[in-house]
Number of protein chains: 4
Amino acid sequence: MTVNFRSDNVTGIHPVILRAIEAANAGPALPYGNDEITARLEKRFAEVFETDLAVFPVATGTAANALSLATSTPPWGAVYCHAESHILLDECNAPEFYSAGARLVPLEGEHGRIAPATLEAALAAAPPGVHHAQPATVSITQLSECGTAYTPEHVAAIARIAHARGLVLHMDGSRFANALAGLSCKPAEATWRAGVDILSFGATKNGALAAEAIVVFRKDLAETLAFRRKRAGHLFSKMRFLSAQLEAYLADGLWLANARHANAQARALAKGLGALNGVSVIHPVDGNEVFAQMPAGLARAIAAAGFAMEPWSQPGGDPARPLQRLVTAFNTDPKHVDALLQAAKRRKAA
Amino acid sequence: MTVNFRSDNVTGIHPVILRAIEAANAGPALPYGNDEITARLEKRFAEVFETDLAVFPVATGTAANALSLATSTPPWGAVYCHAESHILLDECNAPEFYSAGARLVPLEGEHGRIAPATLEAALAAAPPGVHHAQPATVSITQLSECGTAYTPEHVAAIARIAHARGLVLHMDGSRFANALAGLSCKPAEATWRAGVDILSFGATKNGALAAEAIVVFRKDLAETLAFRRKRAGHLFSKMRFLSAQLEAYLADGLWLANARHANAQARALAKGLGALNGVSVIHPVDGNEVFAQMPAGLARAIAAAGFAMEPWSQPGGDPARPLQRLVTAFNTDPKHVDALLQAAKRRKAA
Amino acid sequence: MTVNFRSDNVTGIHPVILRAIEAANAGPALPYGNDEITARLEKRFAEVFETDLAVFPVATGTAANALSLATSTPPWGAVYCHAESHILLDECNAPEFYSAGARLVPLEGEHGRIAPATLEAALAAAPPGVHHAQPATVSITQLSECGTAYTPEHVAAIARIAHARGLVLHMDGSRFANALAGLSCKPAEATWRAGVDILSFGATKNGALAAEAIVVFRKDLAETLAFRRKRAGHLFSKMRFLSAQLEAYLADGLWLANARHANAQARALAKGLGALNGVSVIHPVDGNEVFAQMPAGLARAIAAAGFAMEPWSQPGGDPARPLQRLVTAFNTDPKHVDALLQAAKRRKAA
Amino acid sequence: MTVNFRSDNVTGIHPVILRAIEAANAGPALPYGNDEITARLEKRFAEVFETDLAVFPVATGTAANALSLATSTPPWGAVYCHAESHILLDECNAPEFYSAGARLVPLEGEHGRIAPATLEAALAAAPPGVHHAQPATVSITQLSECGTAYTPEHVAAIARIAHARGLVLHMDGSRFANALAGLSCKPAEATWRAGVDILSFGATKNGALAAEAIVVFRKDLAETLAFRRKRAGHLFSKMRFLSAQLEAYLADGLWLANARHANAQARALAKGLGALNGVSVIHPVDGNEVFAQMPAGLARAIAAAGFAMEPWSQPGGDPARPLQRLVTAFNTDPKHVDALLQAAKRRKAA
């Protein structure tokens with residue numbers, strides 16, 4: 001049997017969340033979000049984030065991102081994002097679809113993060129006038145695609161630049177819990193207090209069946225979202241089952257406990273692999289992802305021992321030392337981490 | 001406590017389907033439909049429909065419909081549908097969104113069904129040429145919005161007209177199981193053998209948490225669907241949980257058993273109500289919906305007795321005899337049907 | 001040689017307008033509307049309409065209409081228009097394209113005009129909520145597709161209903177000059193004083209090469225129009241040649257003189273034809289269009305005499321008495337009108 | 001008075017083309033391209049390009065490009081183009097609008113041209129599968145944005161790579177005549193024989209009022225274009241006036257004569273400026289554009305002498321030696337070229 005470290009989307013449902021779905025199944029409920037669970041969800045998010053906000057549950061991260069970006073970006077607008085961002089590389093033009101033709105502008109940046117100066121320069125170079133896509137939104141990913149987190153100060157620096165030009169700051173928080181657990185800060189500090197206007201709040205990778213929430217801090221951006229969600233077919237008739245997942249996810253700190261567990265396993269992996277000769281962990285491990293460059297032979301040996309890693313594209317990389325991504329999750333067994341590291345050491349010793 | 005006869009979307013999850021979700025939760029699985037459950041789903045549908053086909057699970061009926069219509073209708077095309085159809089009245093322009101601007105053309109028709117002659121006349125009146133929306137798709141609803149079913153012969157007559165002009169025939173089967181149970185025919189007879197090219201196969205209303213399937217009989221229409229689904233944010237990472245619902249739904253005839261139960265309750269309601277003075281059941285009850293015109297006082301008495309019906313808009317209707325929709329479901333308690341009828345009779349006797 | 005009464009779009013360019021194009025060709029000019037002619041155009045329109053406004057020249061009526069509707073209608077919105085309107089029947093889903101998927105809702109109405117009560121009833125029947133297209137715009141056509149004009153009072157009645165619900169009132173003025181000449185009122189009275197918010201001001205049919213203007217009275221609607229026009233490819237680099245047409249069109253009352261001439265010819269046709277036995281002019285002749293029902297033999301005789309009329313679709317019409325549309329134009333020769341009437345009379349006498 | 005070398009879009013109409021418009025104004029003509037001039041236009045293009053083809057006149061280059069790209073690129077597709085291309089930088093997301101959300105992928109390349117190896121590498125790096133925008137079209141600009149031409153061999157190398165993957169090759173020929181005149185090859189050699197599938201054939205910059213033609217060599221791509229053009233509002237009712245411009249443009253080699261004149265002036269400018277100390281002409285002058293880096297003082301002196309150049313953005317450029325674009329046109333007066341060079345020399349001597 002293969003032990004999977006390729007992604008956290010191979011995980012199933014956390015038992016507590018599954019039980020919440022079962023509990024929500026007792027009796028009928030009004031459809032389309034008019035049920036009692038959904039009614040109390042917004043209040044729950046407001047408590048967690050310590051502010052007034054609007055919440056729109058959806059089932060996929062792509063839906064959360066594309067709907068968010070469409071609220072803040074006109075068809076002739078541009079979204080500034082990292083060159084490796086999910087919205088740019090992995091959503092099959094969903095942002096363009098939902099926004100009726102907006103443009104994504106890729107920005108380079110170390111460890112998957114956009115440097116404030118890079119954003120500043122890109123916006124300064126964007127010409128005004130009707131001939132050109134007009135900057136409308138900045139989107140950052142928390143955790144980034146390199147497994148790193150933006151500190152609240154970093155977010156705030158990005159936000160200042162964006163807001164100075166009237167742009168909206170969106171955060172793709174597909175792994176927001178992992179980032180938050182790594183930062184050891186409060187949800188508010190990592191988001192609206194630092195200037196985030198709208199957040200794709202992910203739960204699926206961290207234990208839900210399929211549940212994400214669009215969390216809108218700048219509430220004027222929420223005005224059209226209910227219509228956008230419905231016309232995209234993302235308004236569930238049995239909404240209570242989305243809301244129940246999110247409620248259980250937030251209850252008793254489950255989301256952060258899950259994330260802390262995953263992060264600890266990632267740190268253990270990074271520490272163990274990084275101690276081996278010839279292995280480089282190339283990005284800081286701020287959450288549940290480890291990017292390790294290693295001898296091709298070692299990668300094969302780990303695979304042969306039954307552990308799946310994700311070969312990661314690295315333009316200009318050395319084929320003899322391929323890059324591998326390892327992702328841990330809320331249910332990663334520490335014994336599997338140990339076993340992978342033992343297998344790696346055996347190979348090095350051989 | 002109110003007993004709900006307003007809609008079948010207030011129901012929860014059938015226990016067998018919930019158990020299938022739990023069973024699918026054992027261990028990791030490849031994401032995005034590369035899991036084993038999804039792998040065997042298409043084969044299962046092919047058996048049920050006795051033909052080669054392609055299947056795309058999604059989570060909402062609006063998604064299934066809008067994606068289906070977008071595969072068959074260019075932006076300058078037109079979809080011919082009933083004037084009361086869900087795609088026209090209840091999906092907030094989702095078909096227009098997914099198709100990048102196609103037009104829905106409403107057709108009148110008795111009991112919620114399009115008469116072949118009406119379709120024929122409408123298509124004959126559609127001018128050719130670049131100035132006008134070009135007919136591309138016919139969409140019929142099974143059960144119709146009036147709770148009636150299209151017989152296979154009726155479908156075939158529609159299909160002949162559509163196909164003669166190169167149009168695609170889509171069936172919105174949000175309550176397909178109820179229609180099929182009422183028709184007592186095989187799935188193949190009600191669909192592709194009669195000329196249906198693409199089917200929105202509903203399961204949510206009949207016992208699933210949130211699961212529908214786009215079933216493509218004319219397989220060339222399936223070529224772009226995987227891309228369309230992804231770019232709309234309707235490709236689930238933990239797809240196995242959609243597929244598990246559909247698999248359980250089809251296993252051991254659960255879908256039809258559920259539908260037969262619901263239909264029997266609807267017939268009982270219709271029989272009981274129809275026997276009362278002043279009550280008219282205005283559409284044939286072919287599935288799980290009853291449309292009953294009744295004295296306003298009776299409607300109030302039924303409500304006062306704790307039974308919720310859906311007041312139904314009826315242009316030109318008599319306010320003294322409002323129209324009510326009653327919908328039964330897989331889990332409707334026959335005792336509740338009896339109780340409603342008893343309450344109605346008491347009122348009449350009073 | 002055939003004399004054309006089928007449409008006013010078979011006409012060429014009025015000599016004065018052609019000379020204005022030639023005059024504008026003296027020397028270089030800044031592109032994209034930064035030229036001097038365009039600079040003074042908005043002021044000229046403001047004088048003509050006696051109010052502050054914004055003007056966006058484009059080259060086709062479909063562009064003017066689709067851009068106008070897109071500014072006032074969100075993708076989940078609906079445009080209420082006459083069932084025979086050009087935007088609905090003759091623009092190949094352009095409004096849906098430009099609005100990213102809005103819906104057109106057809107309203108019946110005598111002589112091509114929407115009755116206030118019909119609009120009121122339709123809007124009252126439009127359900128609120130995210131499931132349904134939300135009313136956003138009312139579009140009326142001046143001249144209507146039946147050649148009739150809306151009086152200022154009629155427009156005002158429509159506007160009151162629209163504005164009471166927060167809707168925008170658009171006027172498709174493809175033949176606005178003909179309507180105005182027929183009404184004998186001032187441009188302001190027929191438009192913004194009566195409540196029109198945005199006007200597609202046509203010049204092409206009435207003497208331009210290809211020039212229309214989007215005239216925005218409610219200036220907040222103009223904010224996005226420059227971007228919308230550019231991204232649709234309707235911003236001309238040599239804009240001065242559009243502006244020069246419009247300037248010449250408005251100068252010295254050319255537009256109204258042209259319209260008055262055309263209207264007089266139409267009235268002469270209507271009077272002459274209407275006096276013949278068996279001929280019915282079925283709509284008031286408020287502008288330059290005559291709709292005449294006549295014996296099929298007479299229609300053939302007129303055609304045989306060398307006069308082209310447009311056979312007009314009339315659902316339920318009598319094939320023995322087909323409906324013909326005759327359109328006059330700024331350059332219609334009165335002798336041709338006489339000749340047609342003589343030919344018709346000869347036939348009747350025969 | 002300022003002499004304009006900023007762009008060729010400040011020019012007016014060539015007298016021969018203006019006379020053709022006047023000639024087309026004699027008498028009525030059928031609308032929407034059913035006139036005689038339009039009827040013979042396709043034949044004329046077929047002669048010029050020595051092959052069967054389809055032609056769609058439109059009025060702007062953005063319309064020609066966006067319509068072309070939309071025919072070859074699905075909404076989930078990608079267009080590979082140069083990082084400085086007009087479709088990417090200067091059309092306000094028109095390609096995204098017309099294609100319903102496709103992606104433009106920028107490629108770097110010397111002198112404004114895409115190197116075959118760069119394209120090959122980019123396509124090889126594009127991952128297959130539903131998560132990612134799928135390569136659909138390659139678009140090259142002839143003249144490029146740096147004033148350079150692609151040789152037929154270069155085009156063929158690009159085409160081989162594109163076609164090997166099933167991609168369509170589009171050429172943005174806004175200055176196609178200038179490129180062709182510079183290449184001294186036949187229209188066929190520069191286009192379909194080298195593998196171009198669809199061409200935006202520009203005439204506006206080279207003497208027309210407003211006329212471009214979409215020339216489709218791979219005729220299956222033409223099937224939907226008539227609908228796409230109409231629904232975008234780019235089908236002119238008085239089409240004959242577009243067609244007359246294009247007919248005159250092609251007649252008696254006017255287009256190439258105009259281009260040769262412009263190119264000769266550009267070469268004279270480049271030669272004269274390049275001979276001055278401190279001036280670098282940084283791109284080959286293959287057509288009518290000169291990019292000259294020059295001391296800021298010299299640039300100011302030229303401006304002071306009454307000659308307008310276009311300051312050109314150059315990331316990382318030296319502010320002391322700004323880059324200037326000079327564009328010549330069909331009507332550039334050689335005396336103005338001499339005068340500019342004299343002014344430049346005077347300044348150097350001073």
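Residues numbered from 1 in each chain as written. Chains lettered and ligands numbered in written order. Predicted model: local features only at pLDDT ≥ 70, side-chain atom pairs only at ≥ 80, totals over all residues. Heavy atoms only, no water.

It is worth spelling out the relation of the copies chain B and chain A at this point. Mapping chain B onto chain A is achieved by rotating through 180° and translating by 0.0 Å along the same axis, at an RMSD of 0.0 Å. The relationship between the two copies is best expressed as a two-fold rotation axis. Among all residues of chain B, the one whose C-alpha sits closest to the rotation axis is Ala232(B), at a distance of 3.6 Å. By residue overlap, the copies meet face to face through one surface: 100% of the interface positions of chain B are interface positions in chain A. (Least-squares fit on C-alpha atoms with pLDDT ≥ 70 in both. Contact = heavy atoms within 4.5 Å.)

As a further point, take the domain arrangement of chain A. Residues and elements named next belong to chain A. Taken domain by domain, chain A consists of domain 1 (3-9 + 255-349) and domain 2 (13-253). Every contact between the two is made by 23 residues of domain 1 and, on the other side, 27 residues of domain 2. Of the roughly 2000 Å² buried between domain 1 and domain 2, counting both surfaces, carbon and sulfur atoms make up 54%. Where domain 1 touches domain 2, the interface holds 3 salt bridges. Inspection of the domain 1/domain 2 interface yields 12 residue pairs in polar contact (both at pLDDT 80 or more). Contributions of two or more residues to the side of domain 1 that touches domain 2 are made by helix 12 (254-274), strand 10 (289-293) and strand 13 (323-327). Looking at the side of domain 1 that touches domain 2 element by element, the count peaks at 8 residues for helix 12. Looking at side-chain class alone, the side of domain 1 that touches domain 2 contains 12 nonpolar, 6 polar and 5 charged residues. (Domains from an automatic or database assignment. Buried area = accessible area lost by both parts, 1.4 Å probe. Salt bridge = Lys/Arg side-chain N within 4 Å of Asp/Glu carboxyl O. Polar contact = N/O pair within 3.5 Å; in protein donor to acceptor, adjacent residues only side chain to side chain. Helix = DSSP H or I, 4+ residues; strand = E, 2+ residues; numbered from the N terminus. Nonpolar A, V, L, I, M, F, W, Y, C, P; charged D, E, K, R; others polar.)

Attention shifts here to the interface of chain B and chain A. Counting residues at the interface gives 40 residues for chain B, matched by 40 residues for chain A. Interface area for chain B against chain A, summed over the two sides, is near 3700 Å², with a carbon-plus-sulfur share of 62%. The tally of links between chain B and chain A comes to 0 salt bridges. In this assembly, chain B and chain A are joined by 27 residue pairs in polar contact (both at pLDDT 80 or more). Residue assignment for the side of chain B that touches chain A shows that the elements contributing at least two residues are helix 1 (15-24), helix 3 (61-72), helix 5 (94-98), helix 10 (225-231) and helix 11 (240-250) of chain B.

This paragraph deals with the packing of aromatic side chains. What the rule picks out here adds up to 62 aromatic pairs over all chains. Here Phe176(C) and Phe201(C) contribute two aromatic rings whose centre-to-centre distance is 6.0 Å and whose plane-to-plane angle is 55°, an arrangement assigned as tilted. Placement of the pair is Phe176(C) in helix 8 (residues 176-183) and Phe201(C) in strand 7 (residues 198-202), with a sequence separation of 25 residues. Residues Phe176(C) and Phe201(C) agree in their burial class; the two are buried. Here Phe5(D) and Phe307(D) contribute two aromatic rings whose centre-to-centre distance is 6.4 Å and whose plane-to-plane angle is 35°, an arrangement assigned as tilted. Pair noted here: Phe5(D) is in the loop between strand 1 (3-4) and helix 1 (15-24) and Phe307(D) is in strand 11 (residues 307-308), with a separation of 302 residues, a long-range link. In this structure Phe307(D) comes out as buried when scored by relative accessible area, which is 7%. The rings of Phe45(A), Phe49(A), Phe176(A), Phe201(A), Phe217(A), Tyr249(A) and Trp255(A) are connected pair by pair, giving a single aromatic cluster. The ring centre of Phe97(B) lies 3.7 Å from the NZ or CZ of Arg231(A), which sits over that ring. (Phe/Tyr/Trp six-rings, centres within 6.5 Å; stacked < 30°, edge-to-face > 60°. Buried < 20%, exposed > 50% of the residue type's maximum accessible area, 1.4 Å probe, protein only. Lys NZ or Arg CZ within 6 Å of the ring centre and 35° of its normal.)

It is worth spelling out the sheet that holds strand 12 (residues 310-311) of chain B at this point. Residues and elements named next belong to chain B. What the 4 strands build is an open sheet, ordered 9-10-13-12; its pairing is antiparallel. At either end of the open sheet lies a strand with only one pairing partner, and these are strand 9 (280-281) and strand 12. The pairing of strand 9 with strand 10 (residues 289-293) spans 2 bridges and is antiparallel. Each residue of the ladder has a partner; that of Val 281, found in strand 10, is Ala 292. Against the sheet, helix 12 (residues 254-274) contacts strand 9, strand 10 and strand 13 (323-327), and its axis sits at roughly 15° relative to strand 10. (Pairing = 2+ DSSP bridges. Axes fitted to C-alpha atoms, helices over the stretch in contact; angles between N-to-C directions.)

A separate point is the relation of the copies chain D and chain C. Expressed as a screw transformation, the operator carrying chain D onto chain C has a rotation angle of 180° and an axial translation of 0.0 Å, and the superposed copies differ by an RMSD of 0.0 Å. When the interface residues of chain D are mapped onto chain C, 100% of them again lie at the interface, so the same face is used by both copies.

Attention shifts here to empty space enclosed by the protein. In total, this model carries 6 cavities of 30 Å³ or more according to the counting rule given. Of the pockets and cavities examined, the largest cavity occupies roughly 260 Å³. Lining the largest cavity are 23 residues, and of these Tyr32(A), Thr60(B), Gly61(B), Thr62(B) and Lys205(B) lie nearest its centre. A total of 3 residues in the lining of the largest cavity trace back to one element, the largest contributor, which is helix 3 of chain B. Residues that form the lining of the largest cavity fall into these classes: 6 nonpolar, 11 polar and 6 charged. Taken as a whole, the second largest cavity encloses approximately 200 Å³ of empty space. Taken together, 19 residues line the second largest cavity, and the ones lying closest to its centre are Ala100(A), Ala100(B), Phe97(C), Ala100(C) and Ala100(D). Sorting the residues of the lining of the second largest cavity by element identifies helix 5 of chain B, helix 5 (94-98) of chain C together with helix 5 (94-98) of chain D as the ones contributing at least two each. Of the residues contributing to the lining of the second largest cavity, the split by class is 8 nonpolar, 4 polar and 7 charged. (1 Å grid on protein atoms, 1.4 Å probe; cavity = no way out; pocket = protein on both sides within 12 Å on 5 of 7 lines; lining within 4 Å. Points joined across faces, edges and corners; volume = space filled by probe spheres on them.)

Glancing now at the sheet that holds strand 3 (residues 77-82) of chain A. The strands making up a sheet are joined through hydrogen bonds of the backbone, oriented either antiparallel or parallel. All names here are of chain A. Strand order across the open sheet formed by 7 strands is 2-8-7-6-5-3-4, with mixed pairing between neighbours. Looking at which strands have only one partner, the edges of the open sheet turn out to be strand 2 (54-58) and strand 4 (103-107). For this sheet, the mean angle separating the axes of adjacent strands, direction not counted, is 20°. Pairing geometry for strand 3 and strand 5 (residues 134-141), over 5 bridges, is parallel. In the sheet register, Gly 77 faces strand 5, and the bridge partner there is Gln 134. The sheet contacts of helix 11 (residues 240-250) involve strand 2, strand 7 (198-202) and strand 8 (212-216), and relative to strand 2 the element is tilted by about 115°.

All right, on to the environment of Ala210(B) then. For Ala210(B), the location among the structural elements is in the loop between strand 7 (198-202) and strand 8 (212-216). Taking relative accessible area as the criterion, Ala210(B) reaches 4% and is therefore assigned buried. C-alpha of Ala210(B) to C-alpha of Leu235(B): the two residues are 25 residues apart in sequence and 13 Å apart in space. Not counting residues within four places of it along the chain, the set of residues in contact with Ala210(B) comprises Phe236(A), Val58(B), Ala59(B), Thr204(B), Leu242(B) and Gln245(B).

Turning to the packing of helix 6 (residues 116-125) of chain D against helix 7 (residues 152-164) of chain D, a few remarks are in order. Residues and elements named next belong to chain D. Contact geometry for helix 6 and helix 7: axes closest at 9 Å, N-to-C directions at 10°. Considered as vectors, helix 6 and helix 7 are oriented roughly parallel to each other. Every residue of helix 7 that contacts helix 6 at Pro 116, Leu 119, Glu 120 and Leu 123 is listed here: His 154, Ala 157, Ile 158 and Ile 161. The class makeup of the residues in the contact of helix 6 with helix 7 is 6 nonpolar, 1 polar and 1 charged. (Parallel < 35°, antiparallel > 145°, perpendicular 65-115°, else oblique.)

By the definition in use, this model includes 52 salt bridges over all chains. Here Glu50(A) and Lys186(A) are joined by a salt bridge, their closest N and O atoms 3.1 Å apart. Residue Glu50(A) is found in the loop between helix 2 (36-49) and strand 2, and its partner Lys186(A) is found in the loop between helix 8 (176-183) and helix 9 (187-190); the two are separated by 136 residues along the sequence. You can call Glu50(A) partly exposed: its relative accessible area is 34%. Arg6(D) is the salt-bridge partner of Glu310(D), the closest N and O atoms lying 2.8 Å from each other. Of this pair, Glu310(D) sits in strand 12 (residues 310-311) while Arg6(D) sits in the loop between strand 1 and helix 1, and the two are 304 residues apart along the sequence. Assessed through its relative accessible area of 33%, Arg6(D) is described here as partly exposed. Here the residues in one salt-bridge network are Asp8(A), Arg175(A), Glu289(A) and Arg325(A), joined through shared partners.

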